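Descriptive structure summary
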Amino acid sequence: MDKRGYFSGFGGCFIPEILTQTFEELVQAYEAAKADPGFWQEYLDVMSTYSCRPTPLTFAGNLTNHFGGARIYIKREDLNHTGAHKANNVMGQGLLVKRMGKTRVIAETGAGQHGVATATMAARMGFDCTIYMGEEDVERQRPNVFWMERLGATVVSVRDGSRTLKDAINEAFRDWVSNMDTTHYVLGTACGPHPFPEMVAWFQSIIGTEARKQILEREGRLPRRVYACVGGGSNAMGLFSGFMDDPVELVGVEAGGKGLDSGLHAARLSSRDASIGVAQGYKTYFLQDGDGQMRDTHSISAGLDYVGVSPILAHLQAIGRARFEAATDAEVLEAVTLTMRKEGLIPALESSHAFAQAFKEAPTLAKDDIVIINQSGRGDKDIFTVADAFDDPAWKAFIQHKAEQYHA
Amino acid sequence: MLETTIRNKLAQKDILLMTHIVIGYPNLDTSFEVVRTMVEAGVDLMELQIPFSEPMADGSVILKANQDALATGITVDQCFDFAQQVARDYQIPFLFMTYYNILFKYGVEAFAERMAECGLCGAIVPDLPPEEADEYLAAMNRHGLAPIFIFAPNTGETRMRQIAAHGSGFIYCMARKGVTGLQTDFSQQLGGHLAHCRAATELPLALGFGVKDHDDVQFIKGKADIAVVGSEAIRVLDSQGVAAVGDLIRSLR
């Protein structure tokens, strides 16, 4: 009986006995795919014909001039099919599901992006699909619920616990222990029991591999720093993995919520509020109390509102390879506004955390330094949250008018 | 030793009953009452669940009981005090059931030490497979406590033997896939599975997941040694109160 999937003591595979066989099969399928160059080629073909890979690397000239420091580039994961990096992981796992001969997929979703991506994959590949989503997130991200259902998925609103991402994950596991013979759980981030952290990071490594090649083509040299937001950590793992062996500083940005001293945040690696624990099948830093009960987290962005963090990121922090910071809700709204006005880009609130931190640091860097920000997703889905944050009167009037039409 | 206690009881009864409560659900006073009622109704051993915020292996009934108990503010310390008192008051074996993070945060060695001080006999930790259990096994053995491991319906014979080599006291057999508290089909197939379990270990076998009435317990007689009733007792407690839990227990054998 071997211990597997450990990174500096983080990770592991803490699963109920009923799932042992399922994980054995998954590890085998994953390792066989990794050893098969044909699998990765098939993956690249799907991502270049069904999604929009390689995604562009955009030079943000106006933001660069505005801050007067480093040259700012933006990796455009928002241009993936369904508008986020989630497609990378989902299509990869979809190909594995086909190899394993399963017919149904389930997934958790926070912001709804992973759920929508999974629903498109299931529709295209012919799988049945059920998506678990915390009730609070259903409320925050209603448009994504609409699209998942239109795509043929069943969306289950989870009313247990804090009614957010972690509770959706628990509920997906409860489904899986009943239906694992036909069903694969498409975990959406680089967390959970082995092999998920490693496997999801592998599929997302396409981000960093492309970004490294693109910046060398454009600038002939490497960036000084790269920035990615960190919820579970999959888009950060994706970008970071391209620069792991380079003299490039890796910066992960967590949800600072209402501030690190407020208790209302989701900062696991950049605050002192988290401690090491074991939950949801893996060992990492969790926001938990002294008894080991998980605390409620807060973020303006549903996708970063999570108690745990990728064990591989916890490892990168432990060995000093990556630095972790937090951006507050208010800083994030400022960053998204500035990015829209200066570059005409609409980053998701999640991704805007990476922008906010890069904006804090860019002015302190030299003019010939380069930074890359991962725009992990597009902001269209955040229309209700952003409209509320700015208290947009025209939007409110529109919604009221629409409601009256439905009422009539 | 828990196994010896179980064997002695099995010399007098053809099936033992193990029941389950969530400590602090709906409050500590009721939990004491439920334990007293269950012991007086003749249960042979009991699982005391320390509530956890992420009870991944539990179905809706026990999940809700975990959440409601935590909402009353119950702490792990209070759960130890509760266990100590019931183990002192009643002469049956008591086990802790909880998830690994509760032990991990407390410190696994300190947790086992305090379990022994409180008079507990063992623990069931459903999210801790033997692969991850080195520290836990060492601590439990050091303090003479039984680590109870689980056989699932899809656990193969080789793995059953590996698991049994790490366990003591008894083996907990799941009657079906899924989470606690759902319908179970007590069929010939389940009988066959229990025969495989029996062949893989010398340890006594408990059968749980979906055991709810007299017929289920009759089915288990001769195939396993302990019938485990969990969610059903909570359902009866919720709908009919503590006294009805005693009636349920008395109706089972």
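Residues numbered from 1 in each chain as written. Chains lettered and ligands numbered in written order. Predicted model: local features only at pLDDT ≥ 70, side-chain atom pairs only at ≥ 80, totals over all residues.

A word on the overall build of chain A. Within chain A one finds 15 helices and 14 strands. Over its C-alpha trace chain A gives a radius of gyration of 20 Å, about what one expects of a compact globule, namely 22 Å for 408 residues. Taking the principal axes of its C-alpha atoms as reference, chain A extends roughly 60 × 55 × 50 Å. A burial count over chain A gives 61% of its 408 residues as buried. Counted over contacts in chain A with a minimum sequence separation of 6, partners at least 24 positions apart contribute 74%. (Helix = DSSP H or I, 4+ residues; strand = E, 2+ residues; numbered from the N terminus. Rg over C-alpha atoms; globule rule 2.2 N^0.38 Å. Buried ≥ 20, exposed ≤ 12 C-beta atoms within 10 Å, placed from the backbone. Contact = placed C-beta atoms within 7 Å.)

Let us now look at the overall build of chain B. When you go through chain B residue by residue, the secondary structure sums to 12 helices and eight strands. Radius of gyration (C-alpha) of chain B: 17 Å, near the 18 Å computed for a compact globule of 253 residues. Oriented by its inertia axes, the alpha-carbon framework of chain B measures out at about 45 × 40 × 35 Å. Out of the 253 residues belonging to chain B, those deemed buried represent 54%. For chain B, the proportion of contacts with a sequence separation of at least 24, taken over those separated by at least 6, is 74%.

This next bit is on the interface of chain A and chain B. A common way to report how large an interface is uses the accessible area buried once the components associate. Residue-level contacts link 29 residues of chain A with 33 residues of chain B. For the side of chain A that touches chain B, the secondary structure elements donating two or more residues are α1 (20-35), α8 (165-179) and β11 (275-279) of chain A. Per-element tally for the side of chain A that touches chain B: the top contributor is α8 of chain A, with six residues. Residues of the side of chain A that touches chain B, tallied by class, amount to 11 nonpolar, 11 polar and seven charged. (Nonpolar A, V, L, I, M, F, W, Y, C, P; charged D, E, K, R; others polar.)

Further remarks concern the environment of Val-248 of chain A. Residues and elements named next belong to chain A. Looking at where Val-248 falls in the secondary structure, it is placed in the loop between α10 (234-241) and β10 (249-257). Considering only alpha carbons, one finds Val-248 and Ile-74, 174 residues apart in sequence, at a separation of 16 Å. Apart from the residues lying within four places of it in its own chain, the contact partners of Val-248 are Leu-222, Pro-223, Arg-225, Val-226 and Phe-243.

This part takes up helix α9 (residues 196-219) of chain A. Since the α-helix advances by 3.6 residues per turn, residues separated by three or four positions end up pointing in the same direction. Residues and elements named next belong to chain A. Under the 1.5 Å per step criterion, the end-to-end length of α9 is 35 Å for 24 residues, consistent within 8% with the ideal 34 Å. Most pronounced at Phe-203, the bend in α9 amounts to some 40°. Among the residues trailing α9, Gly-220 stands out with phi positive, at a value near 70°. (Expected span 1.5 Å × (residues − 1). Bend = angle between axes of the 7 residues up to and from the residue.)

Our focus in this paragraph is the sheet that holds strand β6 (residues 128-134) of chain A. All names here are of chain A. What the four strands build is an open sheet, ordered β7-β6-β5-β8; its pairing is parallel. This sheet does not close on itself; its edge strands, each paired only once, are β7 (154-158) and β8 (183-185). In this sheet, neighbouring strand axes are inclined to one another by 20° on average, regardless of whether the strands run parallel or antiparallel. Two strands pair when backbone bridges link them, and strand β5 (residues 104-109) and β8 are joined in this way by three bridges, in the parallel orientation. Bridge pairing links Ile-106 to Tyr-185 in β8. (Pairing = 2+ DSSP bridges. Axes fitted to C-alpha atoms, helices over the stretch in contact; angles between N-to-C directions.)

Here we take up the pairing of strand β9 (residues 225-229) of chain A. Residues and elements named next belong to chain A. In terms of burial, β9 is largely enclosed, as five of its five residues are buried. With five bridges connecting them, β9 and β10 associate as parallel partners. If you follow Tyr-227 over to β10, its bridge partner there is Val-251. For the crossover that starts at β9, traverses α10 and ends in the parallel β10, the hand is right-handed. Sheet topology note: the β9/strand β14 (residues 370-375) ladder contains three bridges and is parallel. Looking across to β14, one finds that Val-226 is bridged to Ile-372. (Right-handed = clockwise from strand over helix to strand, strands pointing away.)

All names here are of chain A. What the domain assignment lists for chain A is domain 1 (14-48 + 85-196) and domain 2 (53-83 + 205-388). Placing the centre of domain 1 and that of domain 2 at their C-alpha centroids yields a distance of 23 Å. Across the boundary between the two partners, domain 1 contributes 31 residues, which contact 35 residues of domain 2. Secondary-structure elements contributing two or more residues to the side of domain 1 that touches domain 2 are α2 (37-49), α4 (86-100), α5 (113-125), α6 (135-140), α7 (142-150) and α8. (Domains from an automatic or database assignment.)

Attention now moves to the confidence of the model for chain B. Residue-level pLDDT values for chain B average 96, and 100% of them are 70 or greater. Scored as a complex, the prediction yields pTM 0.96 and ipTM 0.96. (pLDDT = per-residue confidence, 0-100.)

Below, the discussion takes up the sheet that holds strand β2 (residues 45-49) of chain B. The pairing of strands in a sheet comes from backbone hydrogen bonds and takes either a parallel or an antiparallel form. All names here are of chain B. Taken together, eight strands build a closed barrel; the order of strands is β1-β2-β3-β4-β5-β6-β7-β8 and the barrel is parallel. Adjacent strand axes in the sheet meet at a mean angle of 30°, parallel and antiparallel pairs treated alike. Sheet strands in contact with helix α2 (residues 28-40) are β1 (16-22) and β2, and its direction is about 175° off that of β1.

All names here are of chain A. Counted at 1.5 Å a residue, the expected span for helix α13 (residues 349-361) with its 13 residues is 18 Å, and the 19 Å between its end C-alpha atoms agrees. Taken across its 13 residues, α13 has 11 buried, putting it largely inside the fold. Every buried residue belonging to α13 is among Leu-349, Glu-350, Ser-351, Ser-352, His-353, Ala-354, Phe-355, Ala-356, Gln-357, Ala-358 and Phe-359, and all of these are buried.

Right, let's talk about the packing of helix α12 (residues 329-343) of chain A against α13 of chain A for a bit. Residue and element names in this part refer to chain A. At a closest axis distance of 8 Å, the pairing of α12 and α13 adopts a crossing angle of 90°. The angle between the axes of α12 and α13 places the two elements in the roughly perpendicular class. Between α12, through Glu-331, Val-332, Ala-335, Val-336 and Thr-339, and α13, the contact on the second element is made entirely by Leu-349, Ser-352, His-353, Phe-355, Ala-356 and Phe-359. The residue makeup of the contact of α12 with α13, split by class, is seven nonpolar, three polar and one charged. (Parallel < 35°, antiparallel > 145°, perpendicular 65-115°, else oblique.)

So, on to unusual backbone geometry. Residues and elements named next belong to chain A. Looking along the chain, the bond that leaves Arg-53 and enters Pro-54 is cis, with omega of -5°. Along the chain, Pro-54 falls in the loop between α2 and β3 (57-59). A cis amide bond, omega 15°, links His-194 with the succeeding residue Pro-195. In this fold, Pro-195 is placed in the loop between β8 and α9. Its identity is not glycine, yet Ser-8 carries a phi of approximately 50°, on the positive side. Within the fold, Ser-8 resides in the loop between β1 (6-7) and β2 (10-11). A positive phi angle, close to 50°, is found at Gln-280, a residue other than glycine.

Once that is clear, we can look at the environment of Thr-58 of chain A. Residue and element names in this part refer to chain A. Of note, Thr-58 is situated in strand β3. Residue classification places Thr-58 among the partly exposed residues on the basis of 17 C-beta atoms within 10 Å. Between the alpha carbons of Thr-58 and Arg-140 there is a distance of 29 Å; along the sequence they are 82 residues apart. Discounting chain neighbours no more than four positions away, the residues touching Thr-58 are Tyr-73, Ile-74 and Arg-76.

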